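Spelled out from the first residue to the last, the chains are:
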Amino acid sequence: MKIIASLLMVSVLSGCAGMVANSENLEGAEATLTPRGATYQDLVSLPPPAGQIFVSVYDFRDQTGQYRPAPASTFSTAVTQGAAAMLTGALADSGWFIPLERVGLQNLLTERRIIRAEFERFGQPDTLPSLRAASVMLEGGIIAYESNVRTGGAGAEYFGIGASGQYQVDQVTVNLRAVEISTGEVLANVTTTKTIYSKEMRAGVYRFIDFRRLLEAEVGLTTNEPVQLAVMSAIESAVIHLVARGVENNLWNLGNNVNFEDTILSDYLDAPVPLL
């Protein structure tokens, strides 16, 4: 019995040492492109449009007003503040829209003034073209972040040996709307929600193997889905739904010889709305 307990202790300690070593090796990992979900594959697989649309995105703010429920996090928000950059990237990747720089418009205008000053300094004609106007303006933001939407877990223990697991489900909601610039009319409005999963698995041993010998060991693993990736996925889904509704309402058109029913847009448009 003592030999078995000793072997068990050695294996547990070896596993813990290997886990710590692996976590330290992660510090030296090279930077990679941000992983993307299945929604991104749908986004880049959209059918070609009859013509790309110039759009402007001035801001895509966090409207939840929530902060992280952790100590010393007064100035750390629960969701990313870079949603405008995510939306701009999703619009460009879709192949349907040509986003125009509006978030950093003041910086762009400053650079254009510098170029014109250079022209004037060297006596050259001003050949700088004017900025292109957008056909559609996109508005919206992250409108909700709900934590602990659903929680649960299970566990069992027998003679000091047990295992348990628990999970938590959060969700983030994004709103995106297309606005006709000439009239201010809202052409299309889309709201999408993405769930965020977190789970924890634990196992441990706590028992006496002899009169004065206590064996105690514990191992665990926690996985948290990154919130920013969930926001990115919700934005990508909103862009796809926006394109689908625009085609349905004849706001923009598919390319020649493309049947709407044979495209992924039809699947998104026909997707049922989940009920509570």
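What you are looking at is a predicted structure, and each value in this text was computed from that prediction instead of being measured. (Residues numbered from 1 in each chain as written. Predicted model: local features only at pLDDT ≥ 70, side-chain atom pairs only at ≥ 80, totals over all residues. Heavy atoms only, no water.)

Caption draft 1: Here's a closer look at unusual backbone geometry. Even without being glycine, Phe159 reaches a positive phi, approximately 50°. Of note, Phe159 is situated in the loop between β4 (136–158) and β5 (161–180). According to the relative accessible area criterion, Phe159 is exposed, its value standing at 55%. The backbone phi angle of Asn257 is positive, close to 60°, even though this residue is not glycine. Here Asn257 shows up in the loop between α5 (227–248) and α6 (264–270). For Asn257, a relative accessible area of 83% puts it in the exposed group. (Helix = DSSP H or I, 4+ residues; strand = E, 2+ residues; numbered from the N terminus. Buried < 20%, exposed > 50% of the residue type's maximum accessible area, 1.4 Å probe, protein only.)

Caption draft 2: A look at α5. Given a rise of 1.5 Å per residue, 22 residues ought to cover 32 Å, and the 32 Å separating the end C-alpha atoms of α5 matches this to within 8%. Of the residues trailing α5, Asn250 is marked for its positive phi of about 60°. (Expected span 1.5 Å × (residues − 1).)

Caption draft 3: Just the side chain of Ser94, in detail. Among the structural elements, Ser94 can be located in helix α3 (residues 83–94). A polar side-chain atom of Ser94 sits 2.7 Å from the main-chain carbonyl oxygen of Leu91. (Polar contact = N/O pair within 3.5 Å; in protein donor to acceptor, adjacent residues only side chain to side chain.)

Caption draft 4: Local environment of the packing of α3 against α5. It is at 9 Å that the axes of α3 and α5 come closest, and there the two elements cross at 45°. Taken together, the axes of α3 and α5 lie oblique to each other. Crossing handedness for the pair α3 and α5: right-handed. Here α3 contributes Ala83, Met86, Leu87, Ala90, Leu91 and Ser94 to the contact with α5, which in turn contributes Gln228, Val231, Met232, Ile235, Glu236 and Val239. When its residues are assigned to classes, the contact of α3 with α5 shows nine nonpolar, two polar and one charged. (Axes fitted to C-alpha atoms, helices over the stretch in contact; angles between N-to-C directions. Parallel < 35°, antiparallel > 145°, perpendicular 65-115°, else oblique. Left-handed = near helix turned anticlockwise from the far one by under 90°. Contact = heavy atoms within 4.5 Å. Nonpolar A, V, L, I, M, F, W, Y, C, P; charged D, E, K, R; others polar.)

Caption draft 5: Spotlight on the nonpolar core. If you look at the biggest cluster of nonpolar residues, it comprises 47 residues, and the most contacted ones within it are Trp96, Leu138, Ile235 and Leu265. Elements that contribute at least two residues to this core include exactly α2 (38–43), β1 (53–56), α3, β4, β5, β6 (186–210), α5 and α6. Sorting elements by how many residues they give to this core places α5 first, with 13 residues. Residues contacting Ile235, with those up to four places away along its chain left out, are Phe60, Ala83, Met86, Leu87, Ala90 and Val174. (Core = buried A, V, L, I, M, F, W, Y, C linked by side-chain atoms within 4.5 Å.)

Caption draft 6: Region of interest: the pattern of salt bridges. This structure, assessed with the given rule, holds six salt bridges. Its salt-bridge partner being Arg202, residue Glu218 comes within 1.8 Å of it at the nearest N-O pair. Of this pair, Glu218 sits in strand β7 (residues 213–224) while Arg202 sits in strand β6, and the two are 16 residues apart along the sequence. Under the relative-accessibility criterion, Glu218 is labelled partly exposed at 47%. (Salt bridge = Lys/Arg side-chain N within 4 Å of Asp/Glu carboxyl O.)

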